[in-house]
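# Secondary and tertiary structure notes
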Amino acid sequence: QVQLVESGGGLVQAGGSLRLSCAASGRTFRSYAMGWFRQAPGKARDFVAAISWGDFNTAYADSVKGRFAVSRDNAKNTVYLQMNSLKPEDTAVYYCAAGPRVAASTYDYNYWGQGTQVTVSS
């Protein structure tokens, strides 16, 4: 069992920045890849970014590449999503997830946080 809790969401102006955090507890944090997904009202839950546990490789959706950065601090059992140059279309509930490997599908992740709201105004 892995428990994940997101924090750091809020309301920002277009062009601004936010840093999301996901604190993990339970089974060893280093055993899991960590992913970030987002879901806007009326839309599917989409992949944003992910980071592996072994070699810290990262992957990003094309829509956020160059603007967002995922990182992890295993000593703190925490994964981060730094979001820069935010756009109104980034507005969504952001979820962190844990799974066996870096992947872009929700089906590849076993554990999920409760989500944190990010709203970008124009």
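Parameters at a glance
- Chains are numbered independently. Their residues run from 1 in the order of the written sequence.
- Given that this is a predicted model, residues contribute local features only at a pLDDT of at least 70 and side-chain atom pairs are listed and counted only at 80 or more, while totals for whole chains, interfaces and linings are drawn from all residues.
- Think of the side-chain values as coming from all heavy atoms in the structure, minus any hydrogens and water.
- In what follows, a disulfide is any cysteine sulfur pair within 2.5 Å.
- By definition, any uninterrupted DSSP run of H or I lasting at least four residues is a helix, any uninterrupted run of E lasting at least two residues is a strand, and each is numbered from the N terminus.
- Exposure is judged per residue with a 1.4 Å probe applied to protein chains only, and the accessible area is read against the type maximum: over 50% gives exposed, under 20% gives buried, and values in between give partly exposed.
- For our purposes a nonpolar core is just a set of buried Ala, Val, Leu, Ile, Met, Phe, Trp, Tyr and Cys residues, chained together by side-chain atoms within 4.5 Å.
- Residue contacts are counted whenever heavy atoms from the two residues lie within 4.5 Å of one another.

The next subject is the state of the cysteines. Here a disulfide denotes a covalent bond joining the sulfur atom of one cysteine to the sulfur atom of another. The final tally for this structure, using the stated rule, is 1 disulfide. Each sulfur of the disulfide joining Cys 22 and Cys 96 lies 2.0 Å from the other. Disulfide Cys 22 to Cys 96: torsion about the S-S bond roughly 55°, handedness right-handed. Here Cys 22 is found in strand 3 (residues 18-26), whereas its partner Cys 96 is found in strand 9 (residues 92-99), with 74 residues between them in sequence. The same class applies to Cys 22 as to Cys 96, namely buried.

Time to look at the nonpolar core. Where a protein is soluble and globular, its nonpolar side chains tend to be buried together. Within the largest apolar cluster, 35 residues are counted, with the highest numbers of intra-cluster contacts made by Leu 4, Trp 36, Val 48, Phe 68, Leu 81, Met 83 and Tyr 94. Elements supplying a minimum of two residues to this core: strand 1 (2-7), strand 3, strand 4 (33-39), strand 5 (45-51), strand 7 (68-73), strand 8 (78-83), strand 9 and strand 11 (116-121). Ignoring any residue separated from it by four or fewer positions in sequence, one finds Leu 81 in contact with Leu 18, Arg 19, Leu 20, Trp 36, Val 48, Ala 49, Phe 68, Ala 69, Val 70 and Tyr 94.

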